[in-house]
Amino acid sequence: MAQFGIGMIGLGTVGTAVARRLIDQWELLRRRAGSTPVLRRVAVRDPGRPRDLDLPRVQLDGDAEALVDDPAVEVVVEAMGGIDRASALMDRALRAGKPVVTANKAALAAHGLELAALARENRVSLRYEAAVGAGLPVVALLRDSLRGDRVSGLEMIINGTTNVILTGMEKQGATLAEALADAQQRGFAEADPSADVDGHDAAAKLLLLSRLAFDAPLTMDDVVTVGIGGVTAQDIDCAALLGGSVKLVALAQREGETVTMSVRPTLVLDGHPLHGIDDSENALVVTSDLAGHVMVGGLGAGGDSTASAVVSDIVATVLAPSQAPPVPASSPAIGDDGAVERAGYVRVRLHPVADAAQLVIQALEDRGISVEASALTQPAMGADQELALRTGVVARDMLARAVETVDSLAVVDEVATVMDCVRPS
Ligand SMILES: NC(=O)c1ccc[n+]([C@@H]2O[C@H](COP(=O)([O-])OP(=O)(O)OC[C@H]3O[C@@H](n4cnc5c(N)ncnc54)[C@H](OP(=O)(O)O)[C@@H]3O)[C@@H](O)[C@H]2O)c1
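Residues numbered from 1 in each chain as written. Predicted model: local features only at pLDDT ≥ 70, side-chain atom pairs only at ≥ 80, totals over all residues. Heavy atoms only, no water.

Asks: Quick question: what am I supposed to make of the packing of helix α1 (residues 13-24) against helix α12 (residues 303-319) here?
Replies: When two helices pack together, their arrangement is captured by the angle between the axes and the distance separating the axes. Relative to each other, α1 and α12 sit at 55°, their axes nearing to 8 Å. Here α1 lies oblique to α12, going by the angle between them. Note on packing geometry: the crossing formed by α1 with α12 is right-handed. Contacts from T13, V14, A17, V18, R21 and L22 of α1 reach α12 at G303, D304, T306, A307, V310, V311 and I314. Across the contact of α1 with α12, the residue classes tally to 8 nonpolar, 3 polar and 2 charged. (Axes fitted to C-alpha atoms, helices over the stretch in contact; angles between N-to-C directions. Helix = DSSP H or I, 4+ residues; strand = E, 2+ residues; numbered from the N terminus. Parallel < 35°, antiparallel > 145°, perpendicular 65-115°, else oblique. Left-handed = near helix turned anticlockwise from the far one by under 90°. Contact = heavy atoms within 4.5 Å. Nonpolar A, V, L, I, M, F, W, Y, C, P; charged D, E, K, R; others polar.)

Asks: What is the right way to read the packing of helix α2 (residues 26-33) against α12 from this model?
Replies: For the pair α2 and α12, the least separation of the axes is 9 Å and the interaxial angle reads 40°. Classified by the interaxial angle, the pair formed by α2 and α12 is oblique. Here the hand of the crossing between α2 and α12 comes out right-handed. In contact with L29, R32 and A33 of α2, α12 contributes V311, V315, V318 and L319. When the residues that make up the contact of α2 with α12 are grouped by side-chain class, the tally is 6 nonpolar, no polar and 1 charged.

Asks: Please explain the UniProt feature "domain: Aspartate/homoserine dehydrogenase NAD-binding" (unreviewed entry) in the protein as it appears in this structure.
Replies: Per the UniProt annotation, the sites labelled "domain: Aspartate/homoserine dehydrogenase NAD-binding" (unreviewed entry) are residues 10-129. Between the C-alpha atoms that bound residues 10-129 there is a distance of 17 Å. The span itself is 46% helix and 17% strand. (UniProt positions renumbered as here; feature names shortened; annotations may be inferred.)

Asks: Got a minute to help me understand the UniProt feature "active site" (unreviewed entry) in the protein in this structure?
Replies: UniProt's entry tags K205 with the feature "active site" (unreviewed entry), counted in the numbering of this structure. In this structure, K205 sits in helix α10 (residues 200-214). Judged by its relative accessible area of 7%, K205 is buried. In contact with K205, other than residues within four places in its own chain, are K105, A131, V132, I158 and N159. (Buried < 20%, exposed > 50% of the residue type's maximum accessible area, 1.4 Å probe, protein only.)

Asks: Would you mind going over the site of the ligand with me for this structure?
Replies: Neighbouring the ligand are 23 residues, the closest being L11, D46, R49, R51 and G302. Contact distances for the ligand include 3.1 Å between an oxygen atom and a side-chain N or O atom of R45. Within the side chain of R51, one N or O atom sits 2.7 Å away from an oxygen atom of the ligand. In terms of residue class, the shell around the ligand is made up of 10 nonpolar, 7 polar and 6 charged. (Near = heavy atom within 4 Å. Polar contact = N/O pair within 3.5 Å; in protein donor to acceptor, adjacent residues only side chain to side chain.)

Structure below.
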């Protein structure tokens, strides 16, 4: 039976799991692909480093350009990470008419539009299921399964690190710093966790899915990104009192031809599909005109889970190497983030004055904001009392203006937190 030559750049967590599957399950893959994907060549940074897997008949060296140019390599798998060099190597492969499989959301967020255009010019595929949610079939869902639908919304928990941290704060009563240190110790957070904690990793993934969902050439500048750095133990406690949990939620919406995208900490109420997505789990809810709500959930990181998506993309590439990415529609208008209508969560520190909470609620209602639930926290000895409340659905800007009024009330010491709230539909 025919063979299909694979060259892989990177043999770390992901590359090792991919190589292992290509070698161990070649017969299964041959049945599914119609010819055998054979790992012919691997490039790494340090070829002298001992590896914990045996790669017989595979050329392993440090020359990624030579790998791309090698006529024995028919598909280039990019599993090295980083932006500029990885993008340059993918660019080189596509120009040479070789299909590319990648797990690299950062490179695609920065250069994916140009790489997709190159793939179309050269009539080859560019596949990246692993770049979002590892083994979760979210790219396939949007690109293949909902081909006839118009998608209006994406709502997701798509960053495992922040979900581990927020779950730790909720379940163990930890502070953010303690939960982060625990996540680092358990291997769920990097030594430098800023890409996760600041929301940029989730924003890149939201961007890749939004491009597909809305056929739109969107960029990172179009995503409003707020990380979890400001989430406190008090917010976690207040969220529980109001019937929910704080999660980092990535949201994209299309109304008419206007798109908005944001990543921000959000109070997710019990009964919403994203409530109960804990620890390193990821989940995506897609809303479209024909299918309605479709949800996918599971493990969104790790070598094996990511290899599941990479190997699936390799099989798809063997089956259809010239299936180029779809042509994007024209650039959509980017909507005003402040005009997006959501329920809200507000936490206010009060001076110890009779009826202070009532005055805050009244001030909001006077400005057309309905208060659907509220809770007064029991103050520690000598501390201010706190009021947490959730509002009805209102434009974010309108809530922000009403909160400014609340902040100016004499009974209010400080408005500590304002965030979105999502509830079961
Ligand atoms: N890990 C996950 O759970 C996960 C999930 C989804 C997506 N991803 C994505 O998958 C990609 C790889 O992640 P990973 O966790 O496998 O990373 P990793 O463990 O750090 O491995 C990176 C690999 O790339 C090699 N490499 C680095 N620079 C190179 C260069 N200039 N030339 C050739 N090889 C080079 C390294 O070589 P040495 O071995 O010699 O150092 C190493 O083998 C990233 O884009 C990441 O975002 C990872």
